[in-house]
Amino acid sequence: KGEAGNALFLILIAVALFAALSYAVTQSGRGGGGADQEQTSLDVARLFQYASNIDQAVMRMMIINRCSETGISFEGAEFGNYSHSPAAKAECKLYDSEGGGLPYERLDFSTVGSKNPAFYRDISVVGVGTGASDLVMVMHNVGSDVCAEIFRREGLPVFPAGDGVGGANIFKGIYPPPAGVIGDQAAELAGHMAGCFADGPDYKHFYYVLVAR
């Protein structure tokens, strides 16, 4: 009886150790994915905060400084030439202490590196505004993981089909007819002020509407 009891005790210990080892291996495997997911969530949170800061500065310039939607200027941004003709007023420049008061900065992502914002004059988002060109900020090539997290937050079940905006131009104070439309091919994006669009499987871009027209 004593030997049988000892054998049973050893078997129970072995089962417990095996269960503990299996749990540790499972948690370890999940830990990497969890850490990656957490980092992506942080990237997306910082991206939306970045865009929101610009959005609020643009609104302040329009309301407090009485800047028109054509008078807003992004001079000082590194992605393209944003100079107006005639020259924009200091109080209507996003990156001027008399205007939006924001310092120019890139945004660093954990997986795709540092990215510059681009501001476009001839992109229209379906279901946002009247169908005229909107003032849209785009962060190019933010990666599939970032876009997937954005769509999860927006409640979109799948990544939309290609909905590129090739031919869009930098904002310089005028709004020509749309050169690119978001939400026509990828209907899931219609009515969304922010999201991602794709120019192909490897090119996914974040957009944020600053002024809906």
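Since we're looking at a predicted model, the values are computed, not measured.

1. Thoughts on the state of the cysteines
Taken as a whole, this structure holds two disulfides when the rule is applied. Bridging Cys67 to Cys92, the disulfide has an S-S length of 2.1 Å. In this structure the cystine formed by Cys67 and Cys92 twists about its S-S bond by roughly -95°; its chirality is therefore left-handed. Note that Cys67 is positioned in the loop between helix H1 (2–63) and strand E1 (107–109) and Cys92 in the loop between H1 and E1, a separation of 25 residues in sequence. Both residues of the pair, Cys67 and Cys92, count as buried. Residue Cys147 pairs covalently with Cys196 via a disulfide, S to S 2.2 Å. Taking the sign of the S-S torsion, -85° for the link of Cys147 and Cys196, the bridge is left-handed. One end of the pair, Cys147, is in helix H2 (residues 144–154); the other, Cys196, is in strand E6 (residues 194–200), with 49 residues separating them in the sequence. Note on Cys196: relative accessible area 0%, which makes it buried. Regarding the disulfides, the protein carries the connectivity 1-2, 3-4 under sequence-order numbering of its bonded cysteines.

2. What to know about the environment of Ser73
As for its placement among the helices and strands, Ser73 is situated in the loop between H1 and E1. It is 7.3 Å that separates the C-alpha atoms of Ser73 and His84, two residues lying eleven residues apart in sequence. Not counting residues up to four positions away in its chain, the partners in contact with Ser73 are Tyr82, His84, Ala88, Cys92, Lys93 and Leu94. A polar contact is formed between the side chain of Ser73 and the backbone nitrogen of Glu75, at a distance of 3.2 Å.

3. Thoughts on a nonpolar patch on the surface
The grouping of Met59, Ile63 and Ile64 at the surface amounts to a nonpolar patch, some 340 Å² of accessible area in total. Structurally, the position occupied by Met59 is in helix H1.

4. Digging into unusual backbone geometry
Here Ser85 and Pro86 are connected by a cis peptide whose omega angle stands at 5°. Relative to the helices and strands, Pro86 resides in the loop between H1 and E1. The backbone phi angle of Arg66 is positive, close to 60°, even though this residue is not glycine. Mapped onto the fold, Arg66 is located in the loop between H1 and E1. In the Ramachandran plot, Asn141 falls in the positive-phi region, its phi being about 55° despite a non-glycine side chain. Among the secondary structure elements, Asn141 is positioned in the loop between strand E4 (134–139) and H2.

5. Some thoughts on the pattern of salt bridges
Going through the model one piece at a time under the given rule, you end up with six salt bridges. Across the salt bridge formed by Asp43 and Arg46, the nearest N and O atoms sit 3.5 Å from each other. Of this pair, Asp43 and Arg46 both sit in helix H1, three residues apart, which is roughly one turn of that helix. For the salt bridge of Glu149 with Arg153, the shortest nitrogen-to-oxygen distance reads 3.3 Å.

6. Here's the deal with the nonpolar core
Phe74, Phe119, Met137 and Phe206 are the most contacted members of the largest nonpolar core, which has 53 residues in total. Looking at this core, the elements with two or more residues in it are H1, E1, strand E3 (117–125), E4, H2, E6 and strand E7 (203–211). Among the elements that line this core, the one with the most residues is H1, at nine residues. Once you skip the residues sitting within four places of it in the chain, Phe74 turns out to touch Val58, Tyr82, Leu94, Tyr95, Phe119, Leu135, Phe171 and Leu210.

7. Considerations on the confidence of the model for the protein
Mean pLDDT over the protein: 82, with 78% of residues reaching 70 or higher. Element-level pLDDT for the protein is lowest in H1, with a mean of 71, against a maximum mean of 94 in E4. Confidence drops under pLDDT 50 across residues 23–32; counting only partners more than four residues distant or on other chains, this segment forms zero contacts.

Quick notes on the rules
- Residues numbered from 1 in each chain as written.
- Predicted model: local features only at pLDDT ≥ 70, side-chain atom pairs only at ≥ 80, totals over all residues.
- Heavy atoms only, no water.
- Disulfide = S-S within 2.5 Å.
- Helix = DSSP H or I, 4+ residues; strand = E, 2+ residues; numbered from the N terminus.
- Buried < 20%, exposed > 50% of the residue type's maximum accessible area, 1.4 Å probe, protein only.
- Contact = heavy atoms within 4.5 Å.
- Polar contact = N/O pair within 3.5 Å; in protein donor to acceptor, adjacent residues only side chain to side chain.
- Patch = residues over 30% accessible without salt bridge, like charges linked within 9 Å, V, L, I, M, F, W, Y side chains within 5 Å.
- Areas by Shrake-Rupley, 256 points an atom, 1.4 Å probe, with all protein chains shown as cover.
- Salt bridge = Lys/Arg side-chain N within 4 Å of Asp/Glu carboxyl O.
- Core = buried A, V, L, I, M, F, W, Y, C linked by side-chain atoms within 4.5 Å.
- pLDDT = per-residue confidence, 0-100.

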